[in-house]
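Commentary on secondary and tertiary structure
Letter by letter, the chains look like this.
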Amino acid sequence: MKKNSLFVVIILGTAHLMTTPGKLSPDGRLREYKYSREIISDVKAKLEAYGYTVFIDYEPLEPKPEWTAARKRLGYTKGEQAMELDYRAEQVNAICRKYGKEHCLYVSIHVNGAGDDGKWHGAGGWAAFTTPGKTKADALAECLYDAAFSNLKRYVDIIDEGKLRGDYTEKQVPFRMDNKDGDRDLEANLAVLRKTACPAVLTENLFQDNRRDVDFLLSDEGRHAIERLHVEGIIKYIETL
Ligand SMILES: [Zn+2]
């Protein structure tokens, strides 16, 4: 395989596992691990149809036995989740070593949550996270924001209408941004962003515990919008390389 500046490997990150506690809508219609994998399967097929090489960091629904053992020993967050996140980062870094990290990018696809208490909440909005400070991931996140703006126009109306009905609190915005450091992405030291060698972005695609967000996410229109924004954002970034 030729390694030139145009050769890019895309790594997509699935959200969580079937066994991860919480991470679902209060009515159980949306489960984050499943939704993320469905979107990723579509995004991967589209990107491959455009000729790109695409990998997924961890596809199985179940944890590896050693993660389950760590969960028994240390509890979920300390044991199982830490091992899962490390494993994902290792997978990404193995691909970076093989192809060269300058040829790779990583996008982990999630659905946000406000409460984790089994109740509906009034938060909504789309966001992309990178690690703090100026990194190459900022440019990737900017391209994803551009693509989110153009693909989530209908969602902007949903938030406006939803506020009138009390489905969103007044301060909610369709795109969550922090412009203080000159770009729009939010910044957090998330493990899969911090421990991966290539530009890495984590998207939080609306809220699994907001009724209107879940309706939109599960509609054909919503699924298509979430899929398109990732495909377009990633390709837009590759075209700047
Ligand atoms: Zn998540």
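Look up a bit, the structure's there.
All of these numbers come straight from a predicted model, not from anything done at the bench. (Residues numbered from 1 in each chain as written. Predicted model: local features only at pLDDT ≥ 70, side-chain atom pairs only at ≥ 80, totals over all residues. Heavy atoms only, no water.)

**Focus: the coordination of the zinc ion**
- Around the zinc ion, the protein contributes the donor atoms H16 (NE2), E32 (OE) and H110 (ND1), at 2.0 to 2.1 Å from the metal centre.
- Sequence spacing of the donor residues for the zinc ion, all on one chain, is H-x15-E-x77-H. Here the residue H16 occupies a position in the loop between β1 (9–13) and α1 (32–49), and E32 occupies one in helix α1, the gap between them amounting to 16 residues. The same class applies to H16 and to E32, which are both buried. (Donors = N, O, S within 2.8 Å, 3.2 Å for Na, K, Ca; no water. Helix = DSSP H or I, 4+ residues; strand = E, 2+ residues; numbered from the N terminus. Buried < 20%, exposed > 50% of the residue type's maximum accessible area, 1.4 Å probe, protein only.)

**Description of the pairing of strand β6 (residues 200–207)**
- The buried count for β6 comes to 8 of 8 residues, which makes it a mostly enclosed element.
- Sheet analysis places strand β3 (residues 104–112) next to β6, joined by 6 bridges and oriented parallel. When the bridges of β6 are listed, H110 appears paired with E204.
- Bridge count between strand β4 (residues 126–130) and β6: 4 bridges; the pairing is antiparallel. Each residue of the ladder has a partner; that of A128, found in β6, is T203. (Pairing = 2+ DSSP bridges.)

**Re the pattern of salt bridges**
- All chains considered together, the criterion is met by 21 salt bridges.
- Its salt-bridge partner being K46, residue E227 comes within 2.7 Å of it at the nearest N-O pair. Residue E227 is located in helix α8 (residues 220–240), and its partner K46 is located in helix α1; the two are separated by 181 residues in the primary sequence.
- The partly exposed category is assigned to K46, whose relative accessible area is 28%.
- With its nearest N and O atoms 2.6 Å apart, the salt bridge here joins D86 to K195. Of this pair, D86 sits in helix α3 (residues 76–99) while K195 is found in the loop between α6 (191–194) and β6, placing the two residues 109 residues apart along the sequence.
- The network of salt bridges with shared partners includes D27, R29, R165, D167, R212 and D215. (Salt bridge = Lys/Arg side-chain N within 4 Å of Asp/Glu carboxyl O.)

**Side note on the packing of α1 against α8**
- It is the contact of α1 with α8, at a shortest axis distance of 9 Å, that shows an interaxial angle of 50°. Comparing the axis directions of α1 and α8 gives the class oblique. Here α1 and α8 pass one another in a crossing that is right-handed. Between α1 and α8, the residues in contact are Y35, E38, I39, D42, V43, K46 and L47 and G222, R223, I226, E227, R228, H230, V231, I234 and I235, respectively.
- Here the contact of α1 with α8 is built from residues that sort into 8 nonpolar, 2 polar and 6 charged. (Axes fitted to C-alpha atoms, helices over the stretch in contact; angles between N-to-C directions. Parallel < 35°, antiparallel > 145°, perpendicular 65-115°, else oblique. Left-handed = near helix turned anticlockwise from the far one by under 90°. Contact = heavy atoms within 4.5 Å. Nonpolar A, V, L, I, M, F, W, Y, C, P; charged D, E, K, R; others polar.)

**Overview of the sheet that holds β3**
- Across the sheet, 6 strands lie side by side as β2-β1-β3-β6-β4-β5; this open sheet has mixed pairing. Edge strands, defined here as strands with exactly one partner in the open sheet, are β2 (53–56) and β5 (186–187).

**Focus on the layout of surface pockets**
- If you add up the space inside the largest pocket, you get close to 520 Å³.
- Around the largest pocket sit 30 residues that line it, and H16, K23, E32, H110 and E204 are the ones nearest its centre.
- Counting residues per element, the ones that place at least two in the lining of the largest pocket are α3, β3, α6 and β6.
- Class assignment for the residues of the lining of the largest pocket results in 10 nonpolar, 11 polar and 9 charged.
- In this structure, the second largest pocket spans a volume of roughly 260 Å³. (1 Å grid on protein atoms, 1.4 Å probe; cavity = no way out; pocket = protein on both sides within 12 Å on 5 of 7 lines; lining within 4 Å. Points joined across faces, edges and corners; volume = space filled by probe spheres on them.)

Just geometry here; none of it tells us what the structure is for.
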